[in-house]
Amino acid sequence: MEQNKNKCVLVSGGAGYIGSHTSVELIEAGYDVVIVDNLSNSDMGAVEGVRKITGREVPFVQVDCCDYEAFRKVFEEYEFDSVIHFAASKAVGESVQKPLEYYRNNLTSFMNVIRLMREFGRHNIVFSSSCTVYGEADKLPVTEQTPRKPATSPYGNTKQMCEDILRDSLAAYDGLRGIALRYFNPIGAHPSALIGELPRGVPQNLVPYITQTAAGVRECLSVFGDDYPTPDGSCIRDYIDVVDLARAHVTAIARMVEGRSKADYEIFNIGTGRGVSVLELVHRFEQANGVKLNYRIVGRRAGDIVAIWADPSYANTELGWKAERSLDDTLRSAWAWEKHLRGMA
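From a predicted model like this one, the values you see are computed outputs, not experimental measurements.

A closer look at empty space enclosed by the protein
Inference 1: Following the criterion strictly, the structure yields two cavities of 30 Å³ or more and no others.
Inference 2: If you trace the largest cavity, you find it lined by Tyr 17, Ile 187, Gly 188, Glu 197, Pro 199, Val 207, Pro 208, Thr 211, Gln 212, Ala 334, Trp 337 and Glu 338.
Inference 3: Among the secondary structure elements, those contributing two or more residues to the lining of the largest cavity are helix 7 (206–214) and helix 11 (327–342).
Inference 4: The element contributing the most residues to the lining of the largest cavity is helix 7, with four residues.
Inference 5: Looking at the lining of the largest cavity residue by residue, the classes come out as seven nonpolar, three polar and two charged.
Inference 6: What the second largest cavity holds in volume is close to 60 Å³.
Inference 7: Contributing to the lining of the second largest cavity are His 85, Phe 86, Ala 87, Ala 88, Asn 106, Phe 127, Ser 128, Thr 158, Lys 159 and Cys 162.

Below, the structure written as structure tokens:
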């Protein structure tokens, strides 16, 4: 059966946490999906999870997006008009230790996507950006007009640089449309518990560390600082359910495919609009799941900002998207996924 090019999306980094959830939501919205991933920080289990949830034999190609010639073969083989680009290294701390690796991987892979889109006449791209581009904002909540601050890590800098590359490319090359989604802190898992966040080694993100502590994999959760100028002294973030985040990508693709974009380059904040402190999240997890966490307060962690959360009103009204899942439901899904991984009842 011949594919409808306008209804097919290439998902680079589609075996990763957000990429796998987005692939599911795309398929359930009627799109065909081609997943590309080099599996350097992901697992084939996520691709199998996507296939099981959707009942579709989703095409998967193991390729490094930095390898231009190998990546080019994907464009030759598959007919798609849209790309969602997730493929990137993403650990802030590691990026400080390995800056050249982060610049090479994150920038080269993205430039290759745009080069190949131009060569093969593909038109629409969604870039996976981040609220890290705002740094320590002077005013909260942040809007799309909030000034970007100098990045505090090479990882954050690559997000800013890729946004600039996208903006400049869309201004220079006719026929390309792009949307950068600046998302906040994705957490949770698919309601099926068949896909979720799967960190390699010690988790760098809060919720996987919480769930691994609850499962007995980690002895104790460290809360970095209780002396910040916040109501309970811990940092505040905007935690968004990964399925809600995935649906934002589907909405962004539809906006471009259906010709509703108001400019060749658009930016949207993807968050809930509510700041939640680290300690509040810990207690909410305990209450939602009926478990007790072993945690301790330790010193502040270098590079952590005090607080950030989104003003998502522009995405709500203009993109036609909003976060829907409750924080408790999200935390229950995270725990269900962890139990699934560990074979716990």
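Thoughts on helix 3 (residues 68–77)
Inference 1: Restricting attention to buried positions, one finds in helix 3 the residues Tyr 68, Phe 71, Val 74 and Phe 75. Seen end-on, helix 3 carries its buried residues on one side only, within an arc spanning 115 degrees. The outward face of helix 3, more than 90 degrees from its buried face, is lined by the exposed residues Lys 73 and Glu 77.
Inference 2: At its buried positions, helix 3 is contacted by strand 1 (8–12), strand 2 (32–37), strand 3 (60–62) and helix 5 (99–120).

Structural notes on the packing of helix 1 (residues 17–28) against helix 2 (residues 44–54)
Inference 1: Viewed as axis vectors pointing N to C, helix 1 and helix 2 meet at an angle of 25 degrees, and their least axial separation amounts to 9 Å. Judged on the interaxial angle alone, helix 2 and helix 1 are roughly parallel. The element helix 1 and its partner helix 2 pack so that their crossing is right-handed. Facing Ser 20, Ser 23, Val 24, Ile 27 and Glu 28 of helix 1, the residues of helix 2 in contact are Ala 46, Val 50, Ile 53 and Thr 54.
Inference 2: Taken together, the residues of the contact of helix 1 with helix 2 break down into five nonpolar, three polar and one charged.

Conventions adopted
Residues numbered from 1 in each chain as written. Predicted model: local features only at pLDDT ≥ 70, side-chain atom pairs only at ≥ 80, totals over all residues. Heavy atoms only, no water. 1 Å grid on protein atoms, 1.4 Å probe; cavity = no way out; pocket = protein on both sides within 12 Å on 5 of 7 lines; lining within 4 Å. Points joined across faces, edges and corners; volume = space filled by probe spheres on them. Helix = DSSP H or I, 4+ residues; strand = E, 2+ residues; numbered from the N terminus. Nonpolar A, V, L, I, M, F, W, Y, C, P; charged D, E, K, R; others polar. Buried < 20%, exposed > 50% of the residue type's maximum accessible area, 1.4 Å probe, protein only. Arc of directions from axis to C-beta. Contact = heavy atoms within 4.5 Å. Axes fitted to C-alpha atoms, helices over the stretch in contact; angles between N-to-C directions. Parallel < 35°, antiparallel > 145°, perpendicular 65-115°, else oblique. Left-handed = near helix turned anticlockwise from the far one by under 90°.

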